[in-house]
Amino acid sequence: MKTPLTTLCYIEKENSYLMLHRITKKNDENHDKWIGLGGHFEKGESPEDCVKREVKEESGLTLNSFKFRGIVTFNLSDTLTEYMHLFTSTDFSGTLIDCDEGKLEWVEKSHIKNLELWEGDKIFLDLLEKNAPFFSLKLNYMEDGKLIYAELDGKKLNLQTNVR
């Protein structure tokens, strides 16, 4: 059984994020979505250990430094709760490799919201762009992937405007 603890990292270069288009795996809750890099913790890992390992495995890149930006509690109906540790990095080295989970692509930040994303990702991507201080974001989804509730730092968000 996989741990409910995960990481997600947005790697930035020249005003673009490295995005993973999840098109390869069958029965993937992220199928057809564009996301950052990351995955589930392994036994004994810290969030920092996990994000470094996952980025290396999925992209071939080594994170030289990174910033821990927030925690996202992701609830999918009654079937899944995930506690995602969100990171960003502009300091990395190495050469991109092919990813067995989908296609990696540098996407200009201004174009990211036009991609097939989880609705809640748009909320935390806005927080990252605004350089918000460390945050806790709770996102509740229906089984069909519709976002039905969001809470930022313990305060309900208006899903129409993403404000408290």
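Our structure's up above, just so we're on the same page.
Residues numbered from 1 in each chain as written. Predicted model: local features only at pLDDT ≥ 70, side-chain atom pairs only at ≥ 80, totals over all residues. Heavy atoms only, no water.

## Brief notes about helix 2 (residues 119–129)
- Most of helix 2 is tucked away: 8 of the 11 residues are buried.
- Within helix 2, the full set of buried residues consists of Gly120, Asp121, Lys122, Ile123, Phe124, Leu125, Leu127 and Leu128.
- Positive backbone phi, at 55 degrees, marks Asn131, one or two positions downstream of helix 2. (Buried < 20%, exposed > 50% of the residue type's maximum accessible area, 1.4 Å probe, protein only. Helix = DSSP H or I, 4+ residues; strand = E, 2+ residues; numbered from the N terminus.)

## Points about the pattern of salt bridges
- Evaluated as defined, the whole model comprises 11 salt bridges.
- The salt bridge partner of Arg53 is Glu54, with a shortest N-O separation of 3.1 Å. Both residues of the pair, Arg53 and Glu54, belong to the buried class.
- When salt bridges with common partners are traced through the structure, they connect Glu42, Glu45, Arg53, Glu54 and Glu57 into a single cluster. (Salt bridge = Lys/Arg side-chain N within 4 Å of Asp/Glu carboxyl O.)

## Thoughts on unusual backbone geometry
- Even without glycine at this site, Ser77 takes up a positive phi of about 45 degrees.
- Following the sequence through the fold, Ser77 ends up in the loop between strand 4 (62–76) and strand 5 (80–93).
- The phi dihedral of Asn131 is positive, around 55 degrees, even though this residue is not glycine.
- Mapped onto the elements, Asn131 comes out in the loop between helix 2 and strand 7 (135–141).
- On the basis of relative accessible area, Asn131 is assigned to the exposed category, the value being 52%.

## Description of the nonpolar core
- One finds Tyr10, Phe124, Phe135 and Leu137 to be the most contacted residues of the largest nonpolar core, which totals 41 residues.
- With 5 residues, the top contributor of residues to this core is helix 2.
- Ignoring sequence-local partners within four residues, the contact set of Phe135 consists of Arg69, Gly70, Ile71, Leu86, Phe124, Leu127, Leu128, Leu152 and Asp153. (Core = buried A, V, L, I, M, F, W, Y, C linked by side-chain atoms within 4.5 Å. Contact = heavy atoms within 4.5 Å.)

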